[in-house]
Amino acid sequence: MDTVSKGAIQMQGSDKQVKWAEQIKAEFLKKLAAGQKVRGFEPPYAQEEYDAIVAAAANKQAANWWIDRRLDGVSRMAANVLGRSPVSNSVF
């Protein structure tokens, strides 16, 4: 099993898996960040919760973890990354 360095944590899997997983992870983080910045609306997550999601995502090392969850939406992916439902700012 190959590892590719990406920041402090090394993604684990074949080169092809790692490349694909890094794309999935980057897209998730991009969508997560974009959701926090929608004008006229309160962000879906408090800053502490957002930071916890980003930190947990940075620590996910298995490429297959990301690949297996590639079809999850942002909210479900955030919950899977944290291992629990994130606390939402929503009043609904």
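Thresholds applied
Residues numbered from 1 in each chain as written. Predicted model: local features only at pLDDT ≥ 70, side-chain atom pairs only at ≥ 80, totals over all residues. Heavy atoms only, no water. Axes fitted to C-alpha atoms, helices over the stretch in contact; angles between N-to-C directions. Helix = DSSP H or I, 4+ residues; strand = E, 2+ residues; numbered from the N terminus. Parallel < 35°, antiparallel > 145°, perpendicular 65-115°, else oblique. Contact = heavy atoms within 4.5 Å. Nonpolar A, V, L, I, M, F, W, Y, C, P; charged D, E, K, R; others polar. Salt bridge = Lys/Arg side-chain N within 4 Å of Asp/Glu carboxyl O. Buried < 20%, exposed > 50% of the residue type's maximum accessible area, 1.4 Å probe, protein only. Arc of directions from axis to C-beta. Expected span 1.5 Å × (residues − 1). Core = buried A, V, L, I, M, F, W, Y, C linked by side-chain atoms within 4.5 Å.

A. Region of interest: the packing of helix α1 (residues 15-36) against helix α2 (residues 47-58). Running from N to C, α1 and α2 point in directions that differ by 175°, and their axes come no closer than 11 Å. Classed by the angle they form, the pair α1 and α2 counts as roughly antiparallel. In this structure, α1 uses Lys25, Phe28, Leu29, Leu32, Ala33 and Gln36 to contact α2, whose residues at the interface are Tyr50, Ile53, Val54, Ala57 and Ala58. Of the residues in the contact of α1 with α2, the class split is nine nonpolar, one polar and one charged.

B. Molecular detail of the pattern of salt bridges. This structure, assessed with the given rule, holds one salt bridge. In this structure, the salt-bridge partner of Arg84 is Glu49, at a minimum N-O distance of 2.7 Å. Of the two residues, Arg84 is situated in the segment after α4 (74-82) and Glu49 in helix α2; the sequence distance between them amounts to 35 residues. In this structure Glu49 comes out as buried when scored by relative accessible area, which is 10%.

C. Region of interest: α4. Along α4, the positions that sit buried rather than exposed are Met77, Ala78, Val81 and Leu82. The buried residues of α4 occupy an angular sector of 130° when the element is viewed end-on, so they sit on one face. Set apart from the buried face of α4 by more than 90 degrees, the exposed residues are Ser75 and Arg76. Packing partners of the buried residues in α4 comprise α1, α2 and α3 (63-68).

D. Highlighting α1. Between its terminal C-alpha atoms α1 stretches 32 Å, which fits the 32 Å expected from 22 residues at 1.5 Å a residue. Inspection of α1 places Val18, Ala21, Glu22, Ile24, Lys25, Phe28, Leu32, Ala33 and Gln36 among the buried residues, and these make up the whole buried set. Take α1 and look down its axis: the buried residues cluster within an arc of 165°, on one side only. More than 90 degrees from the buried face of α1, the exposed residues found are Lys16, Lys19 and Lys30.

E. Summary view of the nonpolar core. Residues Phe28, Ile53, Trp66, Met77 and Val81 are the most contacted members of the largest nonpolar core, which totals 20 residues. The set of elements that each furnish at least two residues to this core consists of α1, α2, α3 and α4. For this core, the element with the most residues is α1, which contributes six residues. The residues contacting Met77, other than those within four sequence positions of it, are Ile24, Phe28, Trp65, Trp66, Arg69 and Asp72.

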